[in-house]
Amino acid sequence: MEGRDDQPTADVESGAARLRPSAVRSRGAVTWPSVDGPLGVSWEEAETSARRFFFWGFAFLPLLWAVNCFYFWPVLVSKASPSSSPHFNRIRSYVVWSSIGFLIFGVLLTAWALTFAIGGEHLFGPMWKDLVMYNLADKLQLTGWM
């Protein structure tokens with residue numbers, strides 16, 4: 001398989017991999033823009049993907065924020081250095097804000113679920129029967145025909 005110009009290629013004879021343009025050295029360790037490592041996307045493609053995941057997360061798809069955090073995990077856990085790619089800080093800002101958005105979404109979802117699971121009829125009173133879905137068949141009179 002032939003690699004693109006921006007991706008790493010391995011030196012088959014020596015068994016050593018050369019540093020590719022899509023890699024950035026940070027504290028002696030190579031940082032790739034995505035979890036795919038040397039087989040992943042270039043920094044430009046990574047920035048575009050991170051931006052898309054971030055903005056589509058606002059379209060009631062907050063799980064894309066989690067995907068953004070997972071896919072760009074190396075960028076999320078690395079610190080910027082002077083030798084970092086110019087795209088590094090932009091990608092990092094999208095990924096950090098995605099993680100904050102997903103954390104807020106997770107807290108709200110958990111609070112909502114626990115409110116209904118723990119509170120139930122005691123918390124909502126007689127209105128509880130209108131809120132729950134398990135008696136929907138009775139409300140629509142779908143159970144008497146059998």
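These figures come from a predicted structure and were not determined experimentally.

J.: Teacher, can you tell me more about the overall build of the chain here?
T.: Along the backbone of the chain there are six helices and four strands. Counted from the first residue to the last, the chain has its helices and strands arranged as β-β-β-β-α-α-α-α-α-α. Going through the 146 residues of the chain one by one, you find that 32% of them count as buried. Pairs at least 24 apart in sequence give 43% of the contacts found in the chain among residues at least 6 apart. When the accessible area of the chain is evaluated, it comes to approximately 10,200 Å², of which 66% is carbon and sulfur surface.

J.: Which parts of the structure should I look at to understand the UniProt feature "transmembrane region" (unreviewed entry) in the chain?
T.: The UniProt feature table records "transmembrane region" (unreviewed entry) at residues 53–73 and 94–118. Helix makes up 71% of residues 53–73 and strand 0%. Its end C-alpha atoms lie 14 Å apart. Structurally, residues 94–118 comprises 100% helix and 0% strand, and the distance from its first C-alpha atom to its last is 35 Å.

J.: Help me out: how do you make sense of the nonpolar core in this one?
T.: Side chains that are nonpolar tend, in soluble globular proteins, to be buried together. Counting residues in hydrophobic clusters, the biggest one holds 15 residues, and the most contacted among them are Trp43, Ala46, Ala50, Phe72, Val75, Ile91 and Val95. Those elements that provide at least two residues to this core are helix H1 (43–57), helix H2 (63–71), helix H3 (73–77) and helix H4 (86–124). Those residues in contact with Val95, other than ones at most four positions away along the chain, are Asn68, Cys69, Phe72 and Leu76.

J.: I keep staring at the environment of Phe72 and nothing clicks. Help me out?
T.: With respect to the helices and strands, the residue Phe72 is situated in the loop between H2 and H3. For Phe72, a relative accessible area of 0% translates into the label buried. Residues Phe72 and Ile91 lie 19 residues apart in sequence; the distance between their C-alpha atoms is 8.3 Å.

J.: Explain the pattern of salt bridges to me, please; I cannot follow it from the model alone.
T.: Side chains that differ in charge, positive against negative, can pair when their charged atoms come close. One pass over the full model with this rule turns up two salt bridges. For Glu47, the salt bridge identified is with Arg51, shortest N-O distance 3.8 Å. Here Glu47 and its partner Arg51 are both found in helix H1, four residues apart, which amounts to about one turn of the helix. Its salt-bridge partner being Arg90, residue Glu47 comes within 2.9 Å of it at the nearest N-O pair. In this pair, Glu47 is assigned in helix H1 and Arg90 in helix H4, connecting sequence segments 43 residues apart. Of the residues examined, Glu47 reaches a relative accessible area of 10% and is grouped as buried.

J.: What's the story with a nonpolar patch on the surface in this structure? I'm lost.
T.: A grouping of Val35, Phe70, Trp73 and Val77 is seen on the molecular surface, where their side chains present a nonpolar patch of about 420 Å² in accessible area. Positionally, Trp73 belongs in helix H3. A relative accessible area of 47% means that Trp73 is categorised as partly exposed.

J.: Which parts of the structure should I look at to understand the packing of H2 against H4?
T.: Viewed as axis vectors pointing N to C, H2 and H4 meet at an angle of 135°, and their least axial separation amounts to 8 Å. The orientation of H2 relative to H4 falls into the category oblique. Pair H2 / H4 crosses with left-handed handedness. For the pair H2 and H4, the contacting residues are Leu63, Trp65, Ala66, Asn68 and Cys69 in the first and Tyr94, Val95, Ser98, Ser99, Gly101 and Phe102 in the second.

About the criteria used
Residues numbered from 1 in each chain as written. Predicted model: local features only at pLDDT ≥ 70, side-chain atom pairs only at ≥ 80, totals over all residues. Heavy atoms only, no water. Helix = DSSP H or I, 4+ residues; strand = E, 2+ residues; numbered from the N terminus. Buried < 20%, exposed > 50% of the residue type's maximum accessible area, 1.4 Å probe, protein only. Contact = heavy atoms within 4.5 Å. Areas by Shrake-Rupley, 256 points an atom, 1.4 Å probe, with all protein chains shown as cover. UniProt positions renumbered as here; feature names shortened; annotations may be inferred. Core = buried A, V, L, I, M, F, W, Y, C linked by side-chain atoms within 4.5 Å. Salt bridge = Lys/Arg side-chain N within 4 Å of Asp/Glu carboxyl O. Patch = residues over 30% accessible without salt bridge, like charges linked within 9 Å, V, L, I, M, F, W, Y side chains within 5 Å. Axes fitted to C-alpha atoms, helices over the stretch in contact; angles between N-to-C directions. Parallel < 35°, antiparallel > 145°, perpendicular 65-115°, else oblique. Left-handed = near helix turned anticlockwise from the far one by under 90°.

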